[in-house]
Amino acid sequence: MAAPLAETPLRSMPDEIQHPYSKFSDWKFKLFRIKSIEKAPLAREKENQPAQIILAQPPKDVEMLGGETPSMGVMKLCLGGKSRESVENNRVDLKLVEIETHMARLRCLCRLCGGPLKRGKANLEYEVQGTLDDVSREALRKMGCKARGWPEVILKVFKLDVTGDLETVHPAFFCHSCWKAAMRGGGFCCFSNTQVPQWKPHSAFCKLCSQTVLSLKRKRKSPRSQLAKRTKSDFGERSVRGRKSKDQGKPKPKPKPWTKVHIQRKFWVKNITCCKSIHLSAKLLLVDYPVDFVRSVTCQVCDHLLAEPVQASCKHLFCRACILKYIRALGTHCPACHVPCIPSDLVTPAKAFMGVLNSLVIQCPAEGCQEQVRLEDYWAHTLCHQESQSNDIYLPVNKGGRPRQHLLSLTRRAQKHRLRELKNQVKAFAEKEEGGDIKSVCLTLFLLALRAGNEHRQADELEAMMQGRGFGLHPAVCLAIRVNTFLSCSQYHKMYRTVKATSGRQIFQPLHTLRNAEKALLPGYHPFEWQPALKNVSSNTEVGIIDGLSGWVASVDDQQINTISRRFRYDVALAAALKDFEEDIVEGMREQQLDDSLTESFTVIIKEACDGMGDVSEKHGNGPALPEKAVRFSFTIMSISAHSEDGKNVKIFQELKPNSELCCKPLCLMFADESDHETLTAILGPVVAEREAMKESRLILSIGGMLRSFRFVFRGTGYDEKLVRDVEGLEASGSTYICTLCDSTRAEASQNMVLHTITRSHEENLERYEIWRTNPYSESADELRDRVKGVSAKPFLETLPSIDALHCDIGNATEFYKIFQDEIGELYIKSNPTREERKRWQSALDKQLRKKMNLKPIMRMNGNFARKLMTKETVDAVCELVPSEERREALKELMNLYLQMKPVWRSTCPAKECPDLLCRYSFNSQRFAELLSSTFKYRYDGKITNYLHKTLAHVPEIIERDGSIGAWASEGNESGNKLFRRFRKMNARQSKCYELEDILKHHWLYTSKYLQKFMEAHKNSAKAFEATINPVETPEDEAELMESLVF
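J.: I'd like a rundown of the state of the cysteines, residues and numbers included.
T.: Inspection of the entire model under this criterion finds zero disulfides. Of all cysteine sulfurs, the one in C664 lies closest to C663, which takes part in no disulfide; the gap is 6.7 Å. Residue class for C663 comes out buried when judged on its relative accessible area of 7%. No disulfide involves C914; its nearest neighbouring cysteine sulfur is the one of C909, lying 8.8 Å away. Relative accessible area serves as the criterion here: at 9%, C914 is assigned to the buried category.

J.: Tell me about the packing of aromatic side chains, and name the residues and values.
T.: In this structure the tally under the stated criterion is 24 aromatic pairs. When the ring of F712 is compared with that of F714, the centres are 6.2 Å apart and the planes differ by 25 degrees; the resulting orientation is stacked. F714 carries the same exposure label as F712, and that label is buried. With 5.6 Å between their ring centres and 65 degrees between their planes, Y898 and W905 make a pair best called edge-to-face. Both residues of the pair, Y898 and W905, count as buried.

J.: Would you mind going over helix α32 (residues 835-853) in detail, with residue names and values included?
T.: For α32, which comprises 19 residues, the first-to-last C-alpha distance of 26 Å matches the rise-based estimate of 27 Å (1.5 Å per residue) to within 8%. When α32 is considered as a whole, its buried residues turn out to be W841, L845, D846, Q848 and L849. Angular distribution of buried residues about the axis of α32 spans 165 degrees; they occupy a single face of the element. Set apart from the buried face of α32 by more than 90 degrees, the exposed residues are E836, K839, R840, K847 and K851. On the buried face of α32, the contacting elements are α31 (805-824), α33 (863-869) and α34 (872-879). Positive phi shows up at N854, right after α32, with a value of about 55 degrees.

J.: Got a sec to walk through a negative patch on the surface? Specific residues and values, please.
T.: A surface patch of negative charge is lined by D595, D596, E645 and D646. Position of D646 relative to the elements: it lies in the loop between β11 (629-643) and β12 (649-654).

J.: Can you lay out the packing of helix α7 (residues 134-142) against helix α9 (residues 176-184) for me, pointing to particular residues and giving the numbers?
T.: Look at α7 against α9: their axes get within 10 Å of each other, and the N-to-C directions meet at 25 degrees. Judged by the angle between their axes, α7 and α9 are roughly parallel. Where α7 abuts α9, its residues S136, A139 and L140 lie against W179, A182 and M183. A class-by-class count of the residues in the contact of α7 with α9 yields five nonpolar, one polar and no charged.

Thresholds, definitions, all that
Residues numbered from 1 in each chain as written. Predicted model: local features only at pLDDT ≥ 70, side-chain atom pairs only at ≥ 80, totals over all residues. Heavy atoms only, no water. Disulfide = S-S within 2.5 Å. Buried < 20%, exposed > 50% of the residue type's maximum accessible area, 1.4 Å probe, protein only. Phe/Tyr/Trp six-rings, centres within 6.5 Å; stacked < 30°, edge-to-face > 60°. Helix = DSSP H or I, 4+ residues; strand = E, 2+ residues; numbered from the N terminus. Expected span 1.5 Å × (residues − 1). Arc of directions from axis to C-beta. Contact = heavy atoms within 4.5 Å. Patch = residues over 30% accessible without salt bridge, like charges linked within 9 Å, V, L, I, M, F, W, Y side chains within 5 Å. Areas by Shrake-Rupley, 256 points an atom, 1.4 Å probe, with all protein chains shown as cover. Salt bridge = Lys/Arg side-chain N within 4 Å of Asp/Glu carboxyl O. Lys, Arg positive; Asp, Glu negative; His and termini not counted. Charge placed at Lys NZ, Arg CZ, Asp CG, Glu CD. Axes fitted to C-alpha atoms, helices over the stretch in contact; angles between N-to-C directions. Parallel < 35°, antiparallel > 145°, perpendicular 65-115°, else oblique. Nonpolar A, V, L, I, M, F, W, Y, C, P; charged D, E, K, R; others polar.

Shown next as structure tokens:
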């Protein structure tokens, strides 16, 4: 025998009485039982009758719906485990059966749209509280959504929290149409106008149950076929022979007089218009006009004189208010000829007819007034009657006593009493002008009041509600579209108004909504804390864009700095960047199976980059004379790692595209020349001070709802040769000391091209600068220069000794371009060629490259030209101009060796991407050096270029130390140069100060991961976006919509 139900714990219940949607917690079963009206069984009933679990029969109406038979687990649990036979003799509350029936009907409906679930062979329903299936998870992962369960997706897409749903109130599944809406939005936004119904608990007035009961009435049984049909005479005789009716003996009522159809129809129409008290009758005309003339000046709907006449396309005339009411009630057709007539086709009649109509003379219908007035002067004449009726209407309501209360503080009855006169006036205006639509008049007044008070946000929402449309795209989607398409404020506003006018819906959000969305993405919005507090840095976290010259009013020469600079505070920018990566950090912790409560030992690796942008001159703008060059300082979050409980550092985030402009966040912009050491020192000095302070502290920031600690490691690798020499205090690139990594001279590097090691560092450069400044050994200038190895200024920015892959490619391509010219002119034979000969060789090379490789000549080598120049096809084209076969083979071998070495320093991770080439790098570099020192000795006898020296001597050592060279390049910062120019055109303003702020702000938004996810979802759902602007409703969608409106 089964154990008693009272002694059986809920967690050990059989599966048939545990509904799969009821596994949230055990207390819900207890709460459901307490709330039910069914009384608990008595103690003697528990002793005498054991509790048995008997499956109850499903209600009939559920079977008629065609739904699956429910498990009835909650029903049995609430009945105390007793069978239905034993309960029939006792008091059983019918509310339990109603609730079970209510829950069975909920299982047939969609949680999100309220429509019915389509049941078929395919799985077209999805569990609200369930996990993502494989198809949905893969589709969302492609669009950047890393959610694992449907509650997270529903919260982001439909802005609905379903974690607190109850099985007795909310449906457990949602339909395939809502699933498609979630897929189109990429798990982040919704491009459909899904209106989530408000689900309420079951009650006596439950609309869900009442609608079903009405549709499930039992049909009336037809009469039996075996009985003979009685004739009318039989029924009459039976009625006579039977008992007397109650009405017998009473006089029969007289039949109503028959009314013609067209006359009855006129009565109906007049009841619809209700314009008797507004419009004038044709009987008021003083002259006995012909009947046809009277018909021409009367309305075809109400037979009154035309008031504000309009003419339809069929040339019939109506009062504007009457025809609008008629069309709303009886359809879009003419009352006289039944030709299609829509409100947009109504026009004002001709001026000649309006002159005849207004000249008609009528008698005033007011009591006691015998004046004869023209029709156009009648409404002005009625104002005299209104003023003479009563002067008490305009007396002040408050005649003393207590102070007059505000309208909102009154009760509803008092509000109606105070606004009675205004309500009557609005009603009269609506009946006269808008066809009786009082609601539209009141909403329009409220809308105009909001516009007059500059409350445009509420006005836009009210206007969207009035026009029956949704609020359109998410503000973040609109902001991502504006930033990624480089639209200025005026261009975006023009697009917003055009789409709104053409589609009739507010697809895009207004500009003020976008500005509110910007605040949460820009630095200075999220609070944070440093432990210990940063030295010489303010603790205020609400800091946005600041002046880059703050604290540095004068330059080294005690003159005001002739530049404009705008920047973010370094610590505030880092906090905002980490907040932008919040979702990736939490997801990385889950993938690495780390505890969500981990709060300590997060390490963030930062790559810093700084470079000049060259000439950025523009014709617009005013202000002081400034250099037409600009410099950008930026940073990139390369990786984030966490210290696990096992003592290991686990990477939870790794930047997959470290050289993309989408991940290179701008920190400082300035109008300055990168070679101006004093200006760079003055502007970047505070940035360096903030950076040094952050090295000795930890950032406390809320990530994933918990305060977590972050430590930062800064690596300055995104600098070209020129800027490294400038910030590290080294001599220019033409110096005797060729390398920024080692102490070799140019002659030593040409004699020994391969065997060198990294010897320089920022600390050593500082020590050498002190020696240069103090000269402790009293040496001569040459001896002192040889001791400090080319250090001639104070280093003010720490850089990591490395090679910039992008500029290494450009420098080597420049050298190969010169080798091609020398081989074409056979410089290995000739000595001291003239300038005209060199120009002739260059012209022949440019002509061949244009003809064979479609490479146009350029003034200065750039990355794109270098990428196309360093190929085997280019060497083959150049070899056509080289006369010697031996030199051709040497040139091809030199290019082949270079192409084998290039992937090693260009790849993000050479150990995984090109391990074979990495192993052969030492051999290839040795062979490359032998060719330069033998076959091409005429060019490299006692000299070598800076980048060729670094390529041959230092690449293996740097890769062994850092693991990569290409990942730490400055390519992302260089790619931002074109963005600077595009954002400058986008934000062209008269003041360059505000212009620089706009560029910095929009460049930061361009690199936001949050906006990139929205943009990716928008790109992958172009069809959904098109459907949002031009929706096409199918009959199935219309049927589902009508069914959902019931709730």
